[in-house]
Amino acid sequence: MRTLSYLLRESWVNMRTNRTTTMVAILTTAFTLACVGVFLLLYVNLRTAAGWLQDDVKIMVYLDDRLAPDSVAEVEQRLRGDRAVASLLFISKEQALGEFKAQFPSESHLLEGLGQNPLPASFVVALSPSFRSPDAIKRWAERVRQDSGISKVDYNQDWIDALATVIRSIELVAIGIGVILSAAAVTIIANTIRLTLFARRDEIAILRLIGATTSFIRIPYLLEGAVLGALGSALSLAMLKFMYELFRQQMRTMGRFAGLDNLIAFFPPSVCLALIAVGMGLGVAGSFVSMRRFGEAKA
Amino acid sequence: MIQLIHVSKQYDQRLALSDVTFEIGKGEFVLLMGPSGAGKSTLLRMLIGAERPDEGQIFVHQKNVTTIRPSEVPYLRRKVGTVFQDFRLLPKKSVFDNVALPLLVQGVSSADIRRKVTEALRAVGVEHKRDQLPAGLSTGEQQRVCIARAIVNGPVVLLADEPTGNLDPALTSEIIELFKLINARGTTVVVATHDPLVMMQVNRRVLTLSQGRLLPEHRGLG
Ligand SMILES: Nc1ncnc2c1ncn2[C@@H]1O[C@H](COP(=O)(O)OP(=O)(O)OP(=O)(O)O)[C@@H](O)[C@H]1O
Ligand SMILES: [Mg+2]
């Protein structure tokens, strides 16, 4: 108990003694992590948005015009039995024509001139959630296209592919920036801890002489790293939250984007906690790095 | 208790210890003498695993410290108390906290720490300074606090490297008397010094090093 309170007090005293360095370390760590956070936030929001858009994707399965009604029922059976299909809506030739006329009243005479209805019957298919990724949509469409009685499978392929590409590149950039800036945060904290280690080298030597184990000697510095990392991370979240609110405010006042401000979201609490834990981990890693370099393990 | 067998140590071409062999039994009081640079500190550092010999074997308390793993070194040091010329007290901690440190790092309970530290401070006669900072003490008192810290654990061996180097003759004899008392209670004591005054006070074994070699043994004149 006394030992624990000693260790806690030591790290507290370390941080208080180097108040300025500690503050600077927390601030720089916070700025560094906030840069990562911006990308993470962008990524999370784009993914959510992409998810909504993909949820709305409807796939048009056009039927062969020469298909007998029995065969249409057969195709319907087959589609309903498909694990990937969430819902199905049949649009007959007449309904298709009606819709066309309703949408393009001025052009309807074009079709009348043909004498017979040229529009094919179709099924509008919505896929189950686990089949809504761009790749899964593509695979499904290609498979169904080859089935008998089906003339054409259509969906907004270019658009979905483009979105997938954008998300993938943001993912890559976020990972790249995350790795580089995390390494920067580790270095910042490592340097701060090294200053403490240097200031206390005599004390460390004394602790070694009187039989303190390496882990005992390390604990206050690991704690210091953990606190610096966690505080830096928490502060970066606060800064992000502030920027996020500012951004939303801005959107609301600009009439054009009104309403859109409700669609962008901040990290949920669980993710915030996870990010603070990650910051703590980076801080502990920083401590380890500086203790390795300082060579305090030597007798 | 302490055994050296053909121990040699070299620091970039310079021989610090050369083929040193001796044995110190349990409960002995031994002086390690020799001029500056003779290798006394090097020898003591080897006994606590802070330095390794190039050749030979060293045993302390039945433990071969030549092959000791780094993770075992702290446990060796809990059995071997050390006192230095430059005291090595923590300047921002009270006398009590300084002496408590060896117990603290072992996770000893608060009650035991209080009891043992009080005992150790009483044994060296600085009980009344327990709440002061080291800087507020005289050099003699500071050395006593160091000795208290070295014995608070109840070590089997007490090693002192030039413990009277910063003290005047009167204080020197006080500290030597203190070592004799500690030795009388069963602790093996090894004092390294180049101060002839110390030898005048102790009628015990004297091991003399000269340029890393052990000279024929004799007894102190005390
Ligand atoms: N870390 C080291 N690196 C290089 N040489 C060293 C080192 N430690 C000791 N020496 C050398 O080894 C020799 C013995 O030194 P040591 O400190 O053991 O002598 P000593 O008898 O304790 O002397 P003193 O009475 O001055 O304390 C000296 O020549 C010294 O210069
Ligand atoms: Mg010396």
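This is a predicted model, so every value here is computed, not measured. (Residues numbered from 1 in each chain as written. Chains lettered and ligands numbered in written order. Predicted model: local features only at pLDDT ≥ 70, side-chain atom pairs only at ≥ 80, totals over all residues. Heavy atoms only, no water.)

> Where do I start with the overall build of chain A in this structure?
Looking only at helices and strands, chain A has 10 helices and four strands in total. Along the chain direction, N to C, the helices and strands of chain A fall in the order α-α-β-α-β-α-α-β-α-β-α-α-α-α. Here the C-alpha atoms of chain A give a radius of gyration of 31 Å, more than 25% beyond the 19 Å that 2.2 N^0.38 yields for 299 residues. Oriented by its inertia axes, the alpha-carbon framework of chain A measures out at about 100 × 45 × 30 Å. Counting all 299 residues of chain A, 40% fall into the buried class. (Helix = DSSP H or I, 4+ residues; strand = E, 2+ residues; numbered from the N terminus. Rg over C-alpha atoms; globule rule 2.2 N^0.38 Å. Buried < 20%, exposed > 50% of the residue type's maximum accessible area, 1.4 Å probe, protein only.)

> Got a minute to help me understand the overall build of chain B in this structure?
When helices and strands are tallied, chain B shows seven helices and 10 strands. When the backbone C-alpha atoms are referred to their principal axes, chain B occupies close to 45 × 40 × 30 Å. Considering chain B as a whole, with its 222 residues, one finds that 54% of them fall into the buried category. At a minimum sequence separation of 6, the contacts of chain B that also span at least 24 residues come to 67%. Carbon and sulfur atoms make up 50% of the accessible area of chain B, which totals about 9,800 Å². Positive and negative charge centroids in chain B, built from 28 and 22 side chains respectively, lie 5 Å apart. (Contact = heavy atoms within 4.5 Å. Areas by Shrake-Rupley, 256 points an atom, 1.4 Å probe, with all protein chains shown as cover. Lys, Arg positive; Asp, Glu negative; His and termini not counted. Charge placed at Lys NZ, Arg CZ, Asp CG, Glu CD.)

> I would appreciate a short explanation of the packing of helix H7 (residues 157-199) of chain A against helix H10 (residues 269-294) of chain A in the present structure.
In a pair of packed helices, the angle between the axes and the distance between the axes together describe the arrangement. Residue and element names in this part refer to chain A. Between H7 and H10, whose axes approach to 7 Å, the crossing angle comes to 50°. The angle between the axes of H7 and H10 places the two elements in the oblique class. As H7 packs across H10, the resulting crossing turns out to be right-handed. Where H7 abuts H10, its residues Ser182, Ala185, Val186, Ile189, Ala190, Ile193, Arg194, Leu197 and Phe198 lie against Leu282, Gly283, Ala285, Gly286, Ser287, Val289, Ser290, Met291, Arg293 and Phe294. Residues of the contact of H7 with H10, tallied by class, amount to 12 nonpolar, five polar and two charged. (Axes fitted to C-alpha atoms, helices over the stretch in contact; angles between N-to-C directions. Parallel < 35°, antiparallel > 145°, perpendicular 65-115°, else oblique. Left-handed = near helix turned anticlockwise from the far one by under 90°. Nonpolar A, V, L, I, M, F, W, Y, C, P; charged D, E, K, R; others polar.)

> Help me out: how do you make sense of the pairing of strand S6 (residues 80-84) of chain B in this one?
Along any regular strand the residues' side chains alternate between the sheet's two faces. All names here are of chain B. With five of its five residues buried, S6 lies for the most part within the structure. The alternating pattern of S6 places Val80, Thr82 and Phe84 on one face and Gly81 and Val83 on the opposite face, and all of these are buried. The pairing of S6 with strand S7 (residues 157-161) spans five bridges and is parallel. Each bridged residue has a counterpart across the sheet, and for Val80 the counterpart in S7 is Val157. (Pairing = 2+ DSSP bridges.)

> Just to check I follow, could you spell out unusual backbone geometry for this structure?
With glycine set apart, most residues show a phi of negative sign, and most peptide bonds adopt trans. All names here are of chain B. Its identity is not glycine, yet Gln62 carries a phi of approximately 65°, on the positive side. Inspection of the secondary structure puts Gln62 in the loop between strand S4 (55-60) and strand S5 (63-64). With a relative accessible area of 73%, Gln62 lands in the exposed category. Its identity as a non-glycine residue notwithstanding, Arg88 has a phi of 55°, on the positive side.

> Quick question: what am I supposed to make of the confidence of the model for chain B here?
Caution is warranted with low-pLDDT regions, since their predicted coordinates should not be read in detail. On average, residues of chain B score 92 in pLDDT, and 100% of them are at 70 or above. The ipTM value of the predicted complex is 0.91, and its pTM value is 0.75. (pLDDT = per-residue confidence, 0-100.)

> Is there a simple way to think about the sheet that holds strand S3 (residues 122-127) of chain A in this case?
In a beta sheet, neighbouring strands are held together by backbone hydrogen bonds and run either parallel or antiparallel to one another. All names here are of chain A. Strand order in the open sheet formed by four strands is S2-S3-S1-S4, with antiparallel pairing between adjacent strands. Each edge of the open sheet is held by one strand with a lone partner, namely strand S2 (85-91) and strand S4 (150-154). Between one strand axis and the next, the sheet turns through 20° on average, direction left out of account. The pairing of S2 with S3 spans six bridges and is classified as antiparallel. When the sheet's bridge partners are listed, Ile91 is paired in S3 with Ser122. Sitting on the sheet, helix H3 (residues 69-81) touches strand S1 (59-63), S2, S3 and S4, and the angle it makes with S2 is about 160°.

> It is not clear to me how helix H6 (residues 134-145) of chain A should be interpreted in this structure. Could you clarify?
Three- or four-residue spacings in an α-helix give side chains the same orientation, since the helix completes a turn every 3.6 residues. All names here are of chain A. With 12 residues, H6 should cover 16 Å at 1.5 Å per step; its first-to-last C-alpha distance of 16 Å lies within 8% of that length. Among all positions in H6, only Pro134, Ala136, Ile137, Trp140, Ala141 and Val144 are buried. The buried residues of H6 occupy an angular sector of 165° when the element is viewed end-on, so they sit on one face. (Expected span 1.5 Å × (residues − 1). Arc of directions from axis to C-beta.)

> It is not clear to me how the pattern of salt bridges should be interpreted in this structure. Could you clarify?
Pairing is possible between side chains of opposite charge, provided their charged atoms come close. The tally for this structure, following the rule as stated, stands at 24 salt bridges over all chains. Residue Arg78 of chain A pairs with Asp147 of chain A through a salt bridge whose shortest N-O separation is 3.7 Å. Of this pair, Arg78 of chain A sits in helix H3 while Asp147 of chain A sits in the loop between H6 and S4, and the two are 69 residues apart along the sequence. Here Asp147 of chain A falls in the partly exposed class, since its relative accessible area comes to 26%. Taking the shortest distance from any N to any O, the salt bridge between Arg45 of chain B and Glu51 of chain B comes out at 2.7 Å. Judged by its relative accessible area of 18%, Glu51 of chain B is buried. (Salt bridge = Lys/Arg side-chain N within 4 Å of Asp/Glu carboxyl O.)

> What is the right way to read the site of ligand 1 from this model?
Residue and element names in this part refer to chain B. Within the structure, ligand 1 sits among 14 residues, and Arg14, Ser36, Gly37, Ser41 and Thr42 are positioned closest to it. Within the side chain of Ser41, an N or O atom sits 2.6 Å from an oxygen atom of ligand 1. Side-chain polar atom of Arg45 to a nitrogen atom of ligand 1: 3.4 Å apart, as the coordinates give it. Compared with its free state, where it exposes 630 Å², ligand 1 has 66% of that area covered by protein. Every element with two or more residues in the shell around ligand 1 is listed here: strand S2 (14-24) and helix H1 (40-47). Residue contributions to the shell around ligand 1 peak at four residues, all from H1. Among the residues forming the shell around ligand 1, the class breakdown is four nonpolar, six polar and four charged. (Near = heavy atom within 4 Å. Polar contact = N/O pair within 3.5 Å; in protein donor to acceptor, adjacent residues only side chain to side chain.)

> Would you explain the packing of aromatic side chains in this entry?
Aromatic ring pairs are defined here through the distance separating the ring centres and the angle between the ring planes. Scanning the entire structure with this criterion turns up four aromatic pairs over all chains. Taking 5.8 Å as the distance between ring centres and 15° as the angle between the ring planes, the aromatic pair formed by Tyr6 of chain A and Phe216 of chain A counts as stacked. Here Tyr6 of chain A is found in helix H1 (residues 2-17), whereas its partner Phe216 of chain A is found in helix H9 (residues 214-253), with 210 residues between them in sequence. Phe216 of chain A carries the same exposure label as Tyr6 of chain A, and that label is buried. Each residue in the set Tyr244, Phe266 and Phe267 of chain A is aromatic and connected to the rest through ring pairs, giving one cluster. Against the face of Phe198 of chain A rests Arg201 of chain A, its NZ or CZ located 4.0 Å from the ring centre. Positioned above the aromatic ring of Phe84 of chain B is the side chain of Arg88 of chain B, whose terminal nitrogen or guanidinium carbon lies 3.9 Å from the ring centre. (Phe/Tyr/Trp six-rings, centres within 6.5 Å; stacked < 30°, edge-to-face > 60°. Lys NZ or Arg CZ within 6 Å of the ring centre and 35° of its normal.)

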